[in-house]
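# Chains, contacts and geometry: an overview
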Amino acid sequence: MMRRVCGGRGPGSLIAAVQTEQKTPDQAVSDDKGARRAVTVFPVLVLVAGVAGLVTPGTFTGWTESVPYLLGIVMFCMGLTMTPLDFRGVAKRPWAVAIGLVAHYVIMPGLGWAIAHLLGLPPQLAAGLILVGCAPSGTASNVVTFLARGDVALSVSVATVSTLVAPLVTPPLTLLLAGAYLPVDAGSMITDILKTVLLPVLGGLVVRLVAGKAVDRVLGVMPWLSSLAVAAIVCAVVAGSASMIKSAALTVLIAVVLHNGLGLALGYAAGKAARLGKPASRAMAFEVGMQNSGLAASLATAHFSPLAALPAAVFSVWHNISGALVAAWMAHRSRRDEAASEDAGPPLGTATAYRACGPPGAPGRDPPGRALRRGDRQSPG
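I will try to describe carefully the structure that is included in this document. Just so it is clear, the structure is predicted and the values come from calculations on it, not from any experiment. Throughout this description, residue numbers start from 1 for each chain and increase along the sequence as written. In view of the model being predicted, local features appear only for residues whose pLDDT reaches at least 70, and side-chain atom pairs are presented and counted only at 80 or more, with totals across whole chains, interfaces and linings using the full set of residues. Hydrogens and waters are ignored; side-chain quantities use all the structure's heavy atoms.

### Focus: the overall build of the protein
From N to C terminus, the protein includes 18 helices and two strands. By definition in these notes, contact holds between two residues if any of their heavy atoms fall within 4.5 Å. Considering only contacts within the protein whose residues lie at least 6 apart along the sequence, 82% involve residues at least 24 apart. Segments assigned H or I by DSSP are reported as helices when at least four residues long, segments assigned E as strands when at least two residues long, and all are numbered from the N terminus.

### Structural notes on the environment of Gly261
Secondary-structure assignment places Gly261 in helix α13 (residues 242–273). Categorising residues by exposure relies on relative accessible area from a 1.4 Å probe, with only protein chains included: less than 20% of the type maximum marks a residue as buried, more than 50% marks it as exposed, and the intermediate range marks it as partly exposed. Residue class for Gly261 comes out partly exposed when judged on its relative accessible area of 33%. Considering only alpha carbons, one finds Gly261 and Gly323, 62 residues apart in sequence, at a separation of 9.3 Å.

### Comments concerning the packing of aromatic side chains
To describe a pair of aromatic rings, one takes the distance between the centres and the angle between the planes. Aromatic pairs are defined between Phe, Tyr and Trp rings, using the six-membered ring for Trp, whenever the two ring centres lie within 6.5 Å; interplanar angles under 30 degrees are classed as stacked, those over 60 as edge-to-face, and all others as tilted. Inspection of every chain in the model, using the stated rule, returns one aromatic pair. An angle of 80° between the planes, with centres 4.8 Å apart, marks the rings of Phe60 and Trp63 as edge-to-face. The class of Phe60 is buried, set by a relative accessible area of 13%. Overall, Trp63 belongs to the partly exposed group, its relative accessible area being 32%.

### So, unusual backbone geometry
With a phi angle near 60°, Arg149 is a residue other than glycine that sits in the positive phi range. With respect to the helices and strands, Arg149 occurs in the loop between α7 (141–147) and α8 (152–164). The exposure class assigned to Arg149 is buried, which follows from its relative accessible area of 8%. One non-glycine residue, Arg275, lies in positive phi territory at about 60°. Note that Arg275 resides in the loop between α13 and α14 (278–289). By relative accessible area, Arg275 is classed as exposed at 78%.

### Examining a nonpolar patch on the surface
Each patch is built from residues that are more than 30% exposed by relative accessible area and take part in no salt bridge. Like charges join if they lie within 9 Å; nonpolar side chains (Val, Leu, Ile, Met, Phe, Trp, Tyr) join within 5 Å. To measure how exposed things are, a 1.4 Å probe is used in the Shrake-Rupley method; for residues, cover is taken only from the protein chains shown. Each salt bridge in this description consists of a side-chain nitrogen of Lys or Arg and a carboxyl oxygen of Asp or Glu lying within 4 Å of one another. A surface patch of nonpolar side chains, about 750 Å² in accessible area, is lined by Leu118, Leu119, Leu250, Leu253, Ile254, Val257, Leu258, Leu262 and Leu266. Listing elements by their share of the nonpolar patch, those giving two or more residues are α5 (94–119) and α13. Counting residues per element, the nonpolar patch draws most heavily on α13, at seven residues. Of note, Leu262 is situated in helix α13.

### A word on the pattern of salt bridges
One pass over the structure, following the stated rule, counts two salt bridges. In this structure, Arg93 and Asp151 form a salt bridge, with 2.8 Å as the shortest nitrogen-oxygen distance. With Arg93 in the loop between α4 (84–92) and α5 and Asp151 in the loop between α7 and α8, this residue pair connects regions lying 58 residues apart in the sequence. As far as the burial class goes, Arg93 and Asp151 line up, both buried. Of the charged contacts in the structure, one is a salt bridge between Asp216 and Arg208, with a shortest N-O distance of 3.3 Å. Among the residues examined, Asp216 registers a relative accessible area of 42% and is labelled partly exposed. Since its relative accessible area comes to 12%, Arg208 is described here as buried.

Note that all results are geometric; they support no functional claim without further evidence.
This is how it looks when you write it as structure tokens:
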């Protein structure tokens, strides 16, 4: 509690990796606007790309072969936004990160298999949905957690670790759960994830460490470059299976909405069951419910078929829309709870935390109410 009140790691737009120790009110407002713009523009861009692929599939003939390279661009951009703070967060709270990691790789793969079985999906779509569930956390989950006033430090840590362990976890899970629907070459899948995910991420991280100042000057471009790459992936996937989409679109949409919605709910429940607190539980919701659908689309295209990549394409649009809506609702609930707490007066047990920050009214210190609000917004480090 003391770290939260005193101020911890202050996240801005995590897609652009704007991370500082202290933030002015103007910076916080700017970061909030930037994050909202990202989660608003991105799904619109992806949706437009999907429609273009569906309406004029012949225009994008041959794009399927470029999907792994486009994913590599996305993951390289992700590596460029990483800092040592991301790994320091893992070391500070390994138990919370471990809970998030286990919840992610248990809940979403299990839900993918259960929903595919419940809806009686054809083998290609069933395997594709399960593959979405076996993918690591989505690249936009950190920004949505920020909008929800969740624990962004935990969100970044879980997303980072889930991506790094994906070569060891995603292929075996896919073989276990999707092997009954289609043949799965787990060894080849491991190689593909290493080439398209792990190596680009590590490459971006190395470039950031070696040329940090130069990278900082272009970080603002990274989210848009990533968005364009993901949109191109969706366009290629949709164009490759345009003739079969009309008959399967409604079924896939229902499956994706169930998969994502239950993932968000069970992720939040996992955080509450582990008694991680409300901000951390919000982070858990998005780290479980939002997937790296670009990776799922790439693997499905390479190992199954373009039709199997359809659930990933739909998921890439839907989980950003649902994530933004749930984040807005969570933020509203958080502000309402704060207002109720202020009306009731300072809660018992906060005196020690206030003393750690200095006496109320001391020069350079926030009043208790403001410190609590800023702490909840910034989340513990």
